[in-house]
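The lines below spell out each chain.
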Amino acid sequence: MDSTLADVPARLRPTLRMLLTRTADDERIRSVWLEGSLARGLADDWSDLDLHLAVADPASFAATDWLESQVHLVLSDAIPGVTGVFICVTSDWIHIDLNVHSSQSEFPPGETRCVLLDRDNQVQRAELAPSSPSQPFFPAQDVQIFLYFLGQSVASVRRGDLIAQSQATSMLRDRVLINLLLAENGIRSDMVSKRIGGHLSVEQMRCLTSIPAFGLSELSLRNAQRCIASAYLGRARKLSETCEAPWPTELEQATKELLNRELQMIW
């Protein structure tokens, strides 16, 4: 067992050290490793413990009962549709994603792993490969989605549906605009789910923070949508030129004409 846990954040270290001691004393548990941000060296005090156990007989190994016997849990539940994976939370609000595997399985390199116990030398350590600069790409489908939802916002305004307007405005900013910023950096949105700000530049973060706050009022929603549209379309068009990708001119023009005609929105 690797007894050096110096790289583990201080808040998580006592729980992890205790669990590792208990697994070493339990012959049913053949291997223990970490994945996720802890394995990649990116964890902080509020990261999950992405803990993997390879056991001799998974069918008879009551995973959450075993974990509950080691640390008090206030939540322990199986993730639907995924065998042997449990989401657990301790009374100190340490989030543990517990993954149980058969020790007869093969564990080839793939996901980055930090192996802490391997009695049978079966788990291959998978180190984090050095990252190389990625090339920007043009998210063509997202641009069409942006223009579509921008045009659809007219219906919500005409119906007086402020909740639908707010949901659409949030989606345009938090999903589509952020995806565009990631694309500028050559990062696909399915590659990141947490700490997105760490993948954005200071200028990109300034773009996001410049968008005015909005609530359930038509004025605040229109102001936010105007700012989002101006930022998104300007950056997207520039990115399409950089990537020599076709631009949806007719859809953009039809959307702008609709917004100008119905809402007097010009940017």
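All figures in this text were calculated on a predicted structure; none of them were measured in a lab. (Residues numbered from 1 in each chain as written. Predicted model: local features only at pLDDT ≥ 70, side-chain atom pairs only at ≥ 80, totals over all residues. Heavy atoms only, no water.)

This part covers the environment of Phe214. With respect to the element layout, Phe214 can be found in the loop between α6 (202-209) and α7 (218-242). If we skip the residues at most four places from it in the chain, Phe214 touches Ser166, Thr169, Ser170, Arg173, Ser220, Leu221 and Ala224. (Helix = DSSP H or I, 4+ residues; strand = E, 2+ residues; numbered from the N terminus. Contact = heavy atoms within 4.5 Å.)

Val143, Phe146, Leu177 and Tyr232 are the most contacted members of the largest nonpolar core, which totals 35 residues. Elements supplying a minimum of two residues to this core: α4 (140-159), α5 (162-184), α7 and α8 (249-263). Considering each element in turn, this core owes the most residues, nine residues, to α5. For Val143, the residues in contact, after removing those within four places along its chain, are Phe138, Tyr232, Ala236, Trp247 and Pro248. By size, the runner-up hydrophobic cluster in this structure holds 28 residues, among which are Val71, Leu73, Ile96 and Leu98. (Core = buried A, V, L, I, M, F, W, Y, C linked by side-chain atoms within 4.5 Å. Buried < 20%, exposed > 50% of the residue type's maximum accessible area, 1.4 Å probe, protein only.)

For α7, spanning 25 residues, the distance from its first C-alpha to its last is 36 Å, which sits close to the expected 36 Å at 1.5 Å a residue. Downstream of α7 by one or two residues, Glu244 has phi in the positive range, about 55 degrees. (Expected span 1.5 Å × (residues − 1).)

By the element assignment, Thr169 lies in helix α5. Leaving out residues up to four positions away in the same chain, Thr169 has contacts with Phe214, Leu221, Ala224, Gln225 and Ile228.

A few words now on the packing of α4 against α5. In the contact formed by α4 and α5, the axes pass within 10 Å of each other and the chain directions differ by 165 degrees. Taken together, the axes of α4 and α5 are roughly antiparallel relative to one another. Pair α4 / α5 crosses with left-handed handedness. For the pair α4 and α5, contact is made by Asp142, Ile145, Phe146, Phe149, Leu150, Ser156 and Val157 and by Ala164, Gln165, Met171, Leu172, Arg175, Val176 and Asn179, respectively. Residues that form the contact of α4 with α5 fall into these classes: nine nonpolar, three polar and two charged. (Axes fitted to C-alpha atoms, helices over the stretch in contact; angles between N-to-C directions. Parallel < 35°, antiparallel > 145°, perpendicular 65-115°, else oblique. Left-handed = near helix turned anticlockwise from the far one by under 90°. Nonpolar A, V, L, I, M, F, W, Y, C, P; charged D, E, K, R; others polar.)

Moving on, we come to the pattern of salt bridges. Scanning the model with the defined rule gives 15 salt bridges in all. Across the salt bridge formed by Arg28 and Asp26, the nearest N and O atoms sit 2.8 Å from each other. What makes Arg28 partly exposed here is its relative accessible area of 40%. A salt bridge links Arg235 to Glu203, with the shortest nitrogen-to-oxygen separation between them at 2.8 Å. Remark: Glu203 occurs in helix α6 and Arg235 occurs in helix α7; sequence separation between them is 32 residues. Arg235 sits in the buried class, given a relative accessible area of 16%. Salt bridges sharing partners connect three or more residues here, namely Glu27, Arg30, Arg119 and Asp120. (Salt bridge = Lys/Arg side-chain N within 4 Å of Asp/Glu carboxyl O.)

With a phi angle near 60 degrees, Trp93 is a residue other than glycine that sits in the positive phi range. Here Gln264, not a glycine, exhibits a phi torsion of approximately 55 degrees, which is positive. Of note, Gln264 is situated in the segment after α8. Classification of Gln264 as exposed rests on a relative accessible area of 54%.

With seven of seven residues buried, strand β2 (residues 49-55) is to be regarded as a mostly interior element. The two faces of β2 match: Leu49, Leu51, Leu53 and Val55 on one face and Asp50, His52 and Ala54 on the other face are all buried. Pairing of strand β1 (residues 29-34) with β2, which is carried by five bridges, proceeds in the antiparallel orientation. By the bridge assignment for β2, Ile29 is matched with Val55. Taken together, the seven bridges between β2 and strand β5 (residues 95-102) define a ladder with parallel strand orientation. When the sheet's bridge partners are listed, His52 is paired in β5 with Asn99. (Pairing = 2+ DSSP bridges.)

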